[in-house]
Amino acid sequence: MKKYYAIKKGRQTGIFTSWDETKSLVSGFNGAIYKSFKTKEEALNFLNDKTPTKSATSHLETATSADIILFTDGGSRNHGNVLGGHVKNDDPAAWAYLVISKELNIKKAKSGGEFGATNNRMEIMALLEGLSYLYRQNLNQKSIKVITDSKYVLNSITKGWLNNWQRGGWKKDIKNLELWQDMAQVLTYFPNLNFEWTKGHNINQGNIFVDELLNREMDQMH
């Protein structure tokens, strides 16, 4: 899938279609600001400041019957996002989550990163970290809606793939095995958990928020 890399601050600014070229223009550049997009229009909006960048959460979409909404997202700037590509040890990756509850007056966001990780690994990490936070706050018995743009995570849980992996004895060829084993355990503590898919980087303000949060995390890693 073709990607567009928008550089707002770097050795050269503009929109590029090669990650190698983009990396050469931002790697080691102090305060570099850049981001990848699926369409050129999204990349242009980012350069023209038409994409929301403020961290305020007051206008996030929270219309739901659930007590708590958990937004999660993961991302990476690596060759692992390219078919047939690979992840390099110095490629940054990050996860982020946002917990919102009007009823409980909660707004909690957090992000973290590591080098040499895939996008899928970060998507799992985002959910694990978000659920772990809710468990530590003794909120795991509440009705919780998870909103994610990762079909990899969503399908693994809702279509029973995770249960099948566990029943099958956790075969060694399962990617991100240790994270999925952790996930299987964590999910047992959440009896009222529902999942919803949203299109990434589109109109869902919660998803946009966590996407921007993890990208800021990767910017700081550079």
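Residues numbered from 1 in each chain as written. Predicted model: local features only at pLDDT ≥ 70, side-chain atom pairs only at ≥ 80, totals over all residues. Heavy atoms only, no water.

**Q** Is there a simple way to explain the pattern of salt bridges in this structure?
**A** Pairs can form between side chains of opposite charge whenever their charged atoms are close. Under the counting rule described, the total for this entry stands at seven salt bridges. Residue Asp90 is joined to Lys23 by a salt bridge in which the shortest nitrogen-to-oxygen separation is 3.3 Å. Remark: Lys23 occurs in helix 1 (residues 19-26) and Asp90 occurs in the loop between strand 4 (68-76) and strand 5 (92-101); sequence separation between them is 67 residues. By relative accessible area, Asp90 is classed as partly exposed at 46%. (Salt bridge = Lys/Arg side-chain N within 4 Å of Asp/Glu carboxyl O. Helix = DSSP H or I, 4+ residues; strand = E, 2+ residues; numbered from the N terminus. Buried < 20%, exposed > 50% of the residue type's maximum accessible area, 1.4 Å probe, protein only.)

**Q** Looking at this structure, how should I read the side chain of Asp149?
**A** The topology assignment puts Asp149 in the loop between strand 7 (144-148) and helix 4 (151-158). The buried charged residue Asp149 lacks any salt bridge, with Lys38 as its nearest oppositely charged partner at 6.7 Å. At 3.3 Å, the side chain of Asp149 forms a polar contact with the side chain of Asn207. (Lys, Arg positive; Asp, Glu negative; His and termini not counted. Polar contact = N/O pair within 3.5 Å; in protein donor to acceptor, adjacent residues only side chain to side chain.)

**Q** What is the right way to read the sheet that holds strand 6 (residues 106-115) from this model?
**A** As a general point, the strands of a sheet are linked pairwise by backbone hydrogen bonds and lie either parallel or antiparallel. As summarised here, the arrangement of the five strands in space is 6-5-4-7-8, forming an open sheet in which the pairing is mixed. Looking at which strands have only one partner, the edges of the open sheet turn out to be strand 6 and strand 8 (193-197). Averaged over all adjacent pairs, the angle separating strand axes in this sheet is 20 degrees, with direction ignored. Taken together, the five bridges between strand 4 and strand 7 define a ladder with parallel strand orientation. Bridging across to strand 7, Leu70 finds its partner in Val146. Together, strand 4, strand 5 and strand 6 form the strand contacts of helix 7 (residues 205-221), whose direction differs from that of strand 5 by roughly 145 degrees. (Pairing = 2+ DSSP bridges. Axes fitted to C-alpha atoms, helices over the stretch in contact; angles between N-to-C directions. Contact = heavy atoms within 4.5 Å.)

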